[in-house]
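# Tertiary structure, described
Here is what each chain is made of, one letter per residue.
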Amino acid sequence: RVIPAQMQQTLSKAKQLIDLSRNDSSIYYLSPLIQQLEEQKLTHTSFFLDVTLNLGIAHADDNQNVQAMRILNTVKDQSRIKGQWQIYAESCLGLAQLQQKLIRPNQAKTNLDDARSAIVQHGLNATYPALAIGSASWHSNFGYPDSVRYFALEAIKTAEAFKLPFLLADGHTLMGFYEEEGEPQAAIKHHEQSAG
C-alpha cells in the first residue's frame, strides 16, 4: 500500500525538528504517527521502520536513554531481517552515538563497525559522512587522537559533497577541538565554519 502523503510530510517535519534539536516536538509528531500506522496495518513497511528509527533518535537526543535503546535495538533487528540496509545503518549509528554518551566504548565500536559494513556492502555512500562523524567522536572519547583528524576531515569532505550542512558543522566542530592545543588559529577557523 502507498503511504499517504500527509504521513510522509509528518515524518519529514519530525526529521527537521530532530535536526534543530527540538526533540519534544519531534516525539509529539512521531508518536501518533506510529499509532496511525499500527491502526492502518502498515507496520510491515519500511516507512514504519523509518518513523520508529526517528522516534528512537529523538528519544536518545532528549536523554530518554532506556526508551531510545529499546527502540533503536528493535529497529536494528527488524531492518536487518527485512534487508532495509539504509535504516539498519542509521539505527547502528544512532545506537553508537547513544552508547558513546553512556560511556560504553566497546558496544559503540561494534555498532560503528556494523554500520560501516552495511554502508560498504550496500553502497550507502550518502550515509558515510554520519559514519565518519561517529568514528571521529568515538576516537575523540575513547580511541586515538590522530584518528579524530582523519575521520573529521573525511566527514567535512563527504558532507560537502552530499550537501549535508549539519554533518559538515559537526566535522568542523570536531576538527576545531582537535586543533585547539597545537594549532589555535586553525581551531578558530574550524569553529567559525561550524558556527556559520
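Residue numbers restart at each chain and count upward from 1, following the sequence in its written direction. With the structure being a predicted model, the display of local features is reserved for residues of pLDDT at least 70 and the display and counting of side-chain atom pairs for 80 or more, all residues being used for whole-chain, interface and lining totals. The side-chain numbers reported here are obtained from all heavy atoms of the structure, hydrogens and water having been left aside.

### A few points about the packing of helix 7 (residues 128-142) against helix 8 (residues 145-161)
Two elements in contact, helix 7 and helix 8, have axes whose closest approach is 8 Å; the angle formed by their N-to-C orientations is 160°. As the angle between them shows, helix 7 and helix 8 are arranged roughly antiparallel. In terms of crossing hand, the pair formed by helix 7 and helix 8 is left-handed. For the pair helix 7 and helix 8, the contacting residues are Y128, P129, A132, I133, S135, A136, H139 and S140 in the first and S147, V148, F151, A152, E154, A155, T158 and A159 in the second. Structural elements are reduced to axes, namely lines fitted to C-alpha atoms, with helices fitted over the stretch in contact, and the angle between N-to-C directions of any two is expressed from 0 to 180 degrees. Helix and strand definitions here come from DSSP, where helices need a minimum of 4 consecutive H or I residues and strands a minimum of 2 consecutive E residues; each element is numbered from the N-terminal end. With respect to orientation, any angle under 35 degrees is reported as roughly parallel, any angle over 145 as roughly antiparallel, any angle of 65 to 115 as roughly perpendicular, and every other angle as oblique. Left-handed is the label given to a crossing in which the near helix is rotated counterclockwise from the far helix by less than a right angle, and right-handed is the label when the rotation is clockwise. Whether two residues are in contact is decided by their heavy atoms: any pair within 4.5 Å suffices.

### Re the side chain of T158
Along the polypeptide, T158 turns up in helix 8. Buried means the residue's accessible area, taken with a 1.4 Å probe over protein chains only, is under 20% of the maximum for its type, while exposed means over 50%, and partly exposed covers the values in between. Since its relative accessible area comes to 13%, T158 is described here as buried.

### Remarks on the pattern of salt bridges
Definition used for salt bridges: Asp or Glu carboxyl oxygen within 4 Å of a side-chain nitrogen of Lys or Arg. Taken as a whole and judged by the stated rule, the model has 5 salt bridges. Between K76 and D114 there is a salt bridge; the shortest N-O distance is 2.7 Å. Taken together, the residues span a long stretch of sequence, with K76 in helix 4 (residues 65-82) and D114 in helix 6 (residues 105-121) at a distance of 38 residues. Taking the relative accessible area as the measure of exposure, D114 reaches 22% and is therefore partly exposed. Here E154 makes a salt bridge to K157, at a shortest N to O gap of 3.2 Å.

### With respect to the packing of aromatic side chains
Geometrically, a pair of aromatic rings is defined through the distance of the ring centres and the angle of the planes. Side-chain rings of Phe, Tyr and Trp, where Trp is taken by its six-membered ring, are said to pair if the distance between their centres is within 6.5 Å; with planes under 30 degrees apart they count as stacked, over 60 as edge-to-face, and otherwise as tilted. For the structure on display, the rule yields 4 aromatic pairs. Plain terms: the ring middles of W85 and Y88 are 5.4 Å apart, the flat faces sit at 80° to each other, and that makes the pair edge-to-face. With W85 and Y88 both in helix 5 (residues 85-101), this residue pair falls 3 residues apart, about one helical turn. Exposure remark for W85: the relative accessible area of 28% places this residue in the partly exposed category. Given a relative accessible area of 8%, Y88 falls into the buried group. Should the NZ of a Lys or the CZ of an Arg lie within 6 Å of a ring centre and within 35 degrees of the ring normal, that charge is described as sitting over the ring. Lying across the ring of W138, K109 places its NZ or CZ 5.9 Å from the centre.

Note that every value here comes from positions in space, so none of it alone points to a role or purpose.
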